[in-house]
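Given next are the chains, with one letter for each unit.
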Amino acid sequence: MTRFGRAGRIEVRSIDRIPAEERHGRVRDQFTLWFALNANIFPVVVGGVTVFMGLSFPWACAAIVLGVAIGLLLLGLHALQGPRLGVPQMIQSRGQFGFYGAVLVFALSIVLDFGFFAAQLVIQAEALNLVVGSVSMPVWIAILALPVIVLTIYGYDWIHRWQRWMTVLLAATFVVVFIQALVHGSPTGAAASGHPPSIALFLGGTGLFVISLASWAPYVSDYSRYLPENVGRARTFWAVALGSAIPAVFCAILGAYLAASLPDQTSTVAAVGQVSGDWALLVMAISLIGSDVANCYTGMLAVASIVSCFRDVGRSVAVRVLGSLLLVAAGTICALLGYRHFVNNLSNFLNVLLYVFIPWSALNLTDYFLVKRGHYDVASFFTPRGSYGGFLWRGLVAYVLAVAVQVPFIDQAFYTGPLVGPMGDIDISWVVGGVAGVVFYLAALRFPGRDATASGTERAPATTG
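Anyway, here's the lowdown on the structure attached to this text. (Residues numbered from 1 in each chain as written. Predicted model: local features only at pLDDT ≥ 70, side-chain atom pairs only at ≥ 80, totals over all residues. Heavy atoms only, no water.)

Attention now goes to the overall build of the protein chain. The number of helices and strands found in the protein chain is 19 helices and two strands. Whereas a compact globule of 465 residues would reach a radius of gyration of roughly 23 Å, the protein chain reaches 22 Å, a difference of no more than 12%. Going through the 465 residues of the protein chain one by one, you find that 60% of them count as buried. The long-range fraction of contacts in the protein chain, counting pairs at least 24 apart against all pairs at least 6 apart in sequence, stands at 87%. Total accessible area on the protein chain stands at roughly 17200 Å², and carbon and sulfur atoms take up 70% of it. (Helix = DSSP H or I, 4+ residues; strand = E, 2+ residues; numbered from the N terminus. Rg over C-alpha atoms; globule rule 2.2 N^0.38 Å. Buried < 20%, exposed > 50% of the residue type's maximum accessible area, 1.4 Å probe, protein only. Contact = heavy atoms within 4.5 Å. Areas by Shrake-Rupley, 256 points an atom, 1.4 Å probe, with all protein chains shown as cover.)

A word on helix 19 (residues 435-446). Side chains that are three or four residues apart share a direction in an α-helix, a result of its 3.6 residues per turn. With twelve residues, helix 19 should reach 16 Å at 1.5 Å per residue; the first-to-last C-alpha distance of 16 Å fits that figure. For helix 19, the set of buried residues is A436, G437, F440, A443 and A444. Buried residues of helix 19, viewed axially, fall in a sector of 135 degrees; they line one side. In this structure, helix 19 carries L442, L445 and R446 as exposed residues pointing more than 90 degrees from its buried face. (Expected span 1.5 Å × (residues − 1). Arc of directions from axis to C-beta.)

Turning to its location among the elements, F409 is positioned in the loop between helix 17 (393-406) and strand 1 (411-412). C-alpha separation for the pair F409 and V293, spaced 116 residues apart in sequence, amounts to 34 Å.

Below, the discussion takes up the side chain of Q124. Here Q124 lies in helix 7 (residues 103-131). Polar contacts involving the side chain of Q124 include one to the side chain of D292, which spans 3.2 Å. Beyond its immediate chain neighbours, meaning those up to four positions away, Q124 contacts L144, A285, L288, I289 and D292. (Polar contact = N/O pair within 3.5 Å; in protein donor to acceptor, adjacent residues only side chain to side chain.)

Counting 143 residues, the largest nonpolar core has W34, I41 and L258 as its most contacted members. Residue contributions to this core peak at 15 residues, all from helix 7. Residues within four places of W34 in sequence aside, it is in contact with L75, W216, Y219, V220, Y223, V240, G243, S244 and P247. (Core = buried A, V, L, I, M, F, W, Y, C linked by side-chain atoms within 4.5 Å.)

Taken together, the side chains of Y100, F391, W393, V397 and L401 make up a nonpolar region of the molecular surface, amounting to roughly 520 Å² of accessible area. Its location among the elements puts V397 in helix 17. (Patch = residues over 30% accessible without salt bridge, like charges linked within 9 Å, V, L, I, M, F, W, Y side chains within 5 Å. Salt bridge = Lys/Arg side-chain N within 4 Å of Asp/Glu carboxyl O.)

Right, let's get into the environment of V249. Tracing the backbone shows V249 in helix 11 (residues 233-261). Sequence spacing of V249 and T268 is 19 residues, and the spatial spacing of their C-alpha atoms is 16 Å.

Enumeration according to the criterion identifies seven salt bridges in this entry. Among the ionic pairs, D29 bridges to R164, the shortest N-O distance being 3.3 Å. Remark: R164 occurs in helix 9 (residues 156-184) and D29 occurs in helix 2 (residues 27-38); sequence separation between them is 135 residues. Looking at R164, the relative accessible area reads 25%, which means it is partly exposed. We note a salt bridge from D367 to K372, for which the minimum N-O separation is 2.9 Å. Relative accessible area serves as the criterion here: at 0%, D367 is assigned to the buried category. Among the residues examined, K372 registers a relative accessible area of 3% and is labelled buried. Members of the salt-bridge network, linked through shared partners, are E11, R225 and R320.

Put into structure tokens, the structure is as follows:
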């Protein structure tokens, strides 16, 4: 079947392994996918948040670059798992937690997916409301959900096609907006200072970008699993890493610059409109459609993974449609309920995600690259009677402990841990969470579990159709 023929119909695969004859992905599509996922108004807003937090523009730039670099290391490594195993990212967690045990991270992934979708809907609706004020924010939120439904249901090829188109539009738009921002003015007051911030404040800004990039980790293989299994690892890594890094850093620095040069604007979205006009706000709103779809598509796969615990989802279009509608509905409702307090909700949401997904990513990558070295019994991802059984307590305990160990180091508005003070009022919880991978690796070597026999095999599940 031609590429156009595939892209012209609803994708039938969900969580099952992509067979060799259906592997039609291209490495360059990984670059355009991730470029368009990060060249949008969301990193612009998060970049502005770093200045609103109290960082000056030079130090905000440093925090952005450091945070993106850390997050991208995780992102690029996860991308390599898709072509090798041919299954979505989160279904691979059954290799660490067991068939039923992985439901824990499936559920957390769903919260991540519709939470980000909701946050992005608010940003988009705000941009469009500034262009057409006669249409309220709630109405714009509802309107924006419609194209997301269509693209999510049609799936993989439609998503990649949309992102290829958007890459060109967004690259040109953000260059123009940045030039207009430079012409409009420069950072003023405290935001222009080069005086070093407190370590706590700097790590807080850095952490926003670690999680902004690392929060894509549960998604990566979903969009690389159609690549041929023998695709070059280095090419895949750099396509994803550079496709994400270039726009993420550029857009975030733009947001920080706008916040620093327009201190009277409490909204980075409004600042974009002030320096560039309504045309830019319109593109900003459109820019997040691809990211909206990615959140809902991955969330749909997580829903299908949970459903697969009770029935065979196979090539069920019904599961795809219903799962997509569920994710879009959940995100839309959250956006409608929380749009009035968006900045606080966004910061708190990102911080909570940091605590639960950094440990998962560290554990997953440690298992893949150091313990099993990429060799999994893929068929056992789809049955509780396989190599990984119903529960792999080694992985579950390591994960829960890694999350729990972070609690004394948390410094947030809703909670301050007892070890924050002795650490100089620095929130290093997200760093501590990374020990999950080390804990899991040591446990795997000391206490090899029932999955040890699968480390040298890699069997594909039977596929239908």
